[in-house]
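Structural overview for review
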Amino acid sequence: MKTKIGIAVLLCVFGLFGYGSYRKGYSNAASKAAAEHAAEYGNDWNGDPSVKHSASYSLGYTRGHGAGYAETHQKDFVECGEKLAQLAVETGDPKIASRLMVDGYVAPSQLEAAAAQHKQK
């Protein structure tokens, strides 16, 4: 009987020791992960370019900057084409309009819109 009680107590002691070791390891891993996260992403709130940012911050910034740059240039290109189409229609010279269209500066839809506006005036 003493042996069974001794085995039960020994199992409880080993179980408590195992649980304590598990909690200690879990706590160490959680604090290490928090420290790594703070080291990686800690400066992402700061907009200063001289501060080291995380890779995901840099990737997002680069994508946003590139998308804004492309959108701005596309808008400028479309506005320039519309102005050239309007100029070609107002001059009434089909050679100018066809040359602009062949060179890719003006789309046919831009010429049609400019012609429609010119007719309304």
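Residues numbered from 1 in each chain as written. Predicted model: local features only at pLDDT ≥ 70, side-chain atom pairs only at ≥ 80, totals over all residues. Heavy atoms only, no water.

A word on the packing of helix α2 (residues 55-91) against helix α3 (residues 94-103). α3 packs onto α2 with a crossing angle of 160 degrees between their chain directions and a minimal axis gap of 8 Å. Regarding the angle of α2 to α3, the classification is roughly antiparallel. Each of Leu-84, Ala-88 and Thr-91 in α2 lies in contact with α3, whose residues at this interface are Ile-96, Ala-97 and Leu-100. Broken down by class, the residue content of the contact of α2 with α3 amounts to five nonpolar, one polar and no charged. (Axes fitted to C-alpha atoms, helices over the stretch in contact; angles between N-to-C directions. Helix = DSSP H or I, 4+ residues; strand = E, 2+ residues; numbered from the N terminus. Parallel < 35°, antiparallel > 145°, perpendicular 65-115°, else oblique. Contact = heavy atoms within 4.5 Å. Nonpolar A, V, L, I, M, F, W, Y, C, P; charged D, E, K, R; others polar.)

What follows concerns a nonpolar patch on the surface. On the surface, a cluster of nonpolar side chains totalling about 430 Å² of accessible area is made up of Met-1, Ile-5, Val-9 and Val-13. By the element assignment, Met-1 lies in the segment before α1 (2-41). (Patch = residues over 30% accessible without salt bridge, like charges linked within 9 Å, V, L, I, M, F, W, Y side chains within 5 Å. Areas by Shrake-Rupley, 256 points an atom, 1.4 Å probe, with all protein chains shown as cover. Salt bridge = Lys/Arg side-chain N within 4 Å of Asp/Glu carboxyl O.)

What follows deals with helix α4 (residues 108-120). Counted at 1.5 Å a residue, the expected span for α4 with its 13 residues is 18 Å, and the 19 Å between its end C-alpha atoms agrees. Three or more residues of α4 are buried, namely Gln-110, Leu-111 and Ala-114. On an axial view of α4, the arc spanned by its buried residues comes to 100 degrees, and they lie on one face. The exposed set on the far side of α4, more than 90 degrees from its buried face, consists of Glu-112, Lys-119 and Gln-120. Buried residues in α4 make contact with α2 and α3. (Expected span 1.5 Å × (residues − 1). Buried < 20%, exposed > 50% of the residue type's maximum accessible area, 1.4 Å probe, protein only. Arc of directions from axis to C-beta.)

Glancing now at the nonpolar core. Generally speaking, nonpolar side chains in soluble globular proteins are found buried as a group. Counting eight residues, the largest nonpolar core is built from Ala-85, Ala-88, Val-89, Ala-97, Leu-100, Val-106, Leu-111 and Ala-114. Those elements that place two or more of their residues in this core are α2, α3 and α4. Counting residues per element, this core draws most heavily on α2, which supplies three residues. Ignoring anything within four residues of it in the chain, the contact list for Leu-100 reads Leu-84, Ala-88, Tyr-105 and Val-106. (Core = buried A, V, L, I, M, F, W, Y, C linked by side-chain atoms within 4.5 Å.)

Residue position: Gln-110 is located in helix α4. For Gln-110, a relative accessible area of 14% puts it in the buried group. When neighbours within four sequence positions are excluded, Gln-110 is seen to be in contact with Val-78, Gly-81, Glu-82, Ala-85 and Tyr-105.

Take the confidence of the model for the protein chain next. When pLDDT is averaged along the protein chain, the result is 85; 99% of the residues meet or exceed 70. At the level of individual helices and strands, the protein chain shows its lowest average pLDDT in α4, which scores 79, and its highest in α1, which scores 91. (pLDDT = per-residue confidence, 0-100.)

Residue position: Val-106 is located in the loop between α3 and α4. In sequence terms Val-106 and Gln-86 are 20 residues apart; their C-alpha atoms lie 9.9 Å from each other.

We now examine the packing of α2 against α4. Following both chains from N to C, one finds α2 and α4 inclined at 50 degrees, their axes separated by 8 Å at the closest point. In this view, α2 runs oblique relative to α4, as classed from their interaxial angle. As for the relative orientation of α2 and α4, their crossing is right-handed in sense. Between α2 and α4, the contacting residues are Val-78, Gly-81, Glu-82, Ala-85, Gln-86, Ala-88, Val-89 and Glu-90 on the first element and Gln-110, Leu-111, Ala-114, Ala-115, Gln-117 and His-118 on the second. Each residue belonging to the contact of α2 with α4 can be placed in one class, and the counts come to seven nonpolar, five polar and two charged. (Left-handed = near helix turned anticlockwise from the far one by under 90°.)

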